[in-house]
Every structure is written in C-alpha cells, then in structure tokens.
Amino acid sequence: MTRIAVMADIHGNLPALQAVVEDVRQVAPDQVIVAGDVVNRGPQSKECLDLVRAMGWPVVFGNHEEYVLKFEGDSTPEEWRGDWWLPTRSVAQDELTADDLAYLKALPLHYVVDAPDLPGIRIVHGSLRAINDGLGFWMSDAELIAAVGESPEPVVIGAHTHRPFNRRVGRWWVLNTGAVGVPFNGNPAAQYLVLTADGGDWRADFRAVPYDRAPVYAAWERTGHLERSMAAQVFKYEVETATFHLMAYIEFCEVRGLPLNAMTSFVKYREASAGTTPGRSLHFAAS
Ligand SMILES: [Mn+2]
C-alpha cells in the first residue's frame, strides 16, 4: 500500500462526489476511505450513498449519519416534525431504504490503515473523543493532543469541520480532509486528501476539484424543500458560498427575535452575510 485517498463530508452533493470519483481515477490510490457524513444537508443523499456503496469504499460513521438515524421511523419526537427539519426527516423516511439505514447503523467509528514499513493511520469523522469534535487550525497544540492522544497510530485523519488542515504535534500528525460536498474554507471546489508513501513516511496532497454546481442546485429545487424549510435554504447557501452558515443563521434569528423558519428571515440573513469571509464562523466547528 503506497497511496490512500480519504474523503468526507459529501453531504448529498452528487456532482461534487462524481468530480472526486473522476479525480480519484487519475490519482489511482490503492485504497479509498470515506470518513463520514455521506448523507444529509444536500438534496442527493440516496444517490451519494448508492455511489459510495457501489464503489465498495469503507465508510466511517459521521454525525450526519447519526442525525438521519434519529429521524428514522414513526417515533420522531414532536419538535422534529416541523418543516425546519424536513430535509433530514425526508432522508430518513422517504429517500433511504431500510437496507440503507441498516448499512448506516453498522458503520464503524474508526478505520485503521496498516501499511507495512509506514506510519499507521487512524481515520475518524471528528476526533478520537467524539464524532462531532472536529480537528482544526484554531486549536492549540495541547487541544489537538487531547483530541487525538488516544490514538496508538501516529497519523490521525479527521473531517467534520469542512476545512483542510494538517499539523505535526507531539508524536502525532493530525490531518483534516476538508469536505467534498460542502467546503467551509471559501473554496467551492470538492476537496479531499491523498497520502502517498515517500521515504518511509506519508506525504499529504490536499486535492481541490472544481465542478459545476448547477446540477446540485437543480436537485434542491426538485425536492420542494426550499420553500418550506429554511434549513434547506441555509444548506444550499453554504454550498454557494463555501462558508458555514447554519449556526450563524440560528444566532442571527435569535438575536433579532426573527422566526427561524421564515423566508423573510433567511432573505435578511443572506443580505446581512453577503460578502463576509469564511472566518466569520471559524469557531463553530460542530456542523
Ligand atoms: Mn459534515
């Protein structure tokens, strides 16, 4: 094994995933691993899960797989039945099959790559501590060590923050793949990570694959969710701007006393946030 690709945070964006699948063919890794969040946020969860499963790539459980499973079946709590939650509820109850949901439930939390004569690699969605605890550049060395220190393997790869990142700290090399479907680093290209063996160690190559986003916007229109769920609007706006908006939108509404799931609130937010940089929501690592 001399080359691996690790991708994550596909989030139901099929053209982004297709662009990466095509790029992976060129890169020709020995193995591809998906570090979670194949589904939810975007309008094409079923299509993305079908493609990932067809490729036969191992998948690690992400927090959006967990969200979707919470909405499975008829026991959905009352507060999850409103239109705000429509995109996620639809994935669990209308889009994925019982077999898909069983597949998601069986996903492992970690995946370890053992390549002879090379540093071992542990792949998670968030960190060693939790699937919604992302590894990011805003963390101090001490914070990073606390997040990965349980890993016996010296290379730890996470995702979840939708921002590519790598830093050597203590005996660990900590990397973040960035996001395929919904990058938050201001670059709308589909992003993933390639590690290549180089002189007894791994060399990191952060790939960014440009693609046409028009088909994913059209897929959103077809869901019918955009008129009913402002969460769907925010998720689409995140793809348009390659910026994290969900928590900022919720805060914007709370501070102004605006109804969360009203088009007028979202239009106000979009106007207020136009032209802001990704740094605005830097510390909202949970997504
Ligand atoms: Mn994610």
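Computed from a predicted structure; not experimentally measured.

1. A short note on the domain arrangement of the protein chain
Stage number 1. What the domain assignment reports for the protein chain is domain 1 (3–209) and domain 2 (214–281).
Stage number 2. The C-alpha centroid of domain 2 is placed 23 Å from the C-alpha centroid of domain 1.
Stage number 3. At the junction of the two partners, domain 1 supplies 22 residues and domain 2 supplies 25 residues.
Stage number 4. Together, the buried faces of domain 1 and domain 2 total about 1,900 Å²; carbon and sulfur atoms form 68% of this surface.
Stage number 5. At the junction of domain 1 with domain 2, the criterion picks out 2 salt bridges.
Stage number 6. Arg41 is the partner of Glu238 in a salt bridge, and the nearest nitrogen-oxygen pair spans 2.9 Å.
Stage number 7. The dominant element in the side of domain 1 that touches domain 2, judged by the number of residues it contributes, is helix H4 (residues 86–95), at 4 residues.

2. Considering unusual backbone geometry
Stage number 1. Backbone geometry places His11, a non-glycine residue, at a positive phi of 50°.
Stage number 2. Looking at where His11 falls in the secondary structure, it is placed in the loop between strand S1 (3–7) and helix H1 (14–27).
Stage number 3. Of note, the phi angle at His160 is positive, near 75°, even though the residue is not glycine.
Stage number 4. Within the element layout of this structure, His160 appears in the loop between strand S5 (155–158) and strand S6 (165–169).
Stage number 5. On the accessibility criterion, His160 (0% relative accessible area) is buried.

3. Some remarks on helix H7 (residues 214–223)
Stage number 1. For H7, the complete set of buried residues consists of Val216, Ala219 and Trp220. Projected down its long axis, H7 shows its buried positions confined to an angular sector of 100°, all on one face. Seen from the open side of H7, the exposed residues pointing more than 90 degrees away from its buried face are Glu221 and Arg222.
Stage number 2. Those residues of H7 that are buried lie in contact with H1 and helix H8 (230–241).
Stage number 3. After H7 finishes, the residue Gly224 shows a positive phi value of roughly 75°.

About the criteria used
- Residues numbered from 1 in each chain as written.
- Predicted model: local features only at pLDDT ≥ 70, side-chain atom pairs only at ≥ 80, totals over all residues.
- Heavy atoms only, no water.
- Domains from an automatic or database assignment.
- Contact = heavy atoms within 4.5 Å.
- Buried area = accessible area lost by both parts, 1.4 Å probe.
- Salt bridge = Lys/Arg side-chain N within 4 Å of Asp/Glu carboxyl O.
- Helix = DSSP H or I, 4+ residues; strand = E, 2+ residues; numbered from the N terminus.
- Buried < 20%, exposed > 50% of the residue type's maximum accessible area, 1.4 Å probe, protein only.
- Arc of directions from axis to C-beta.

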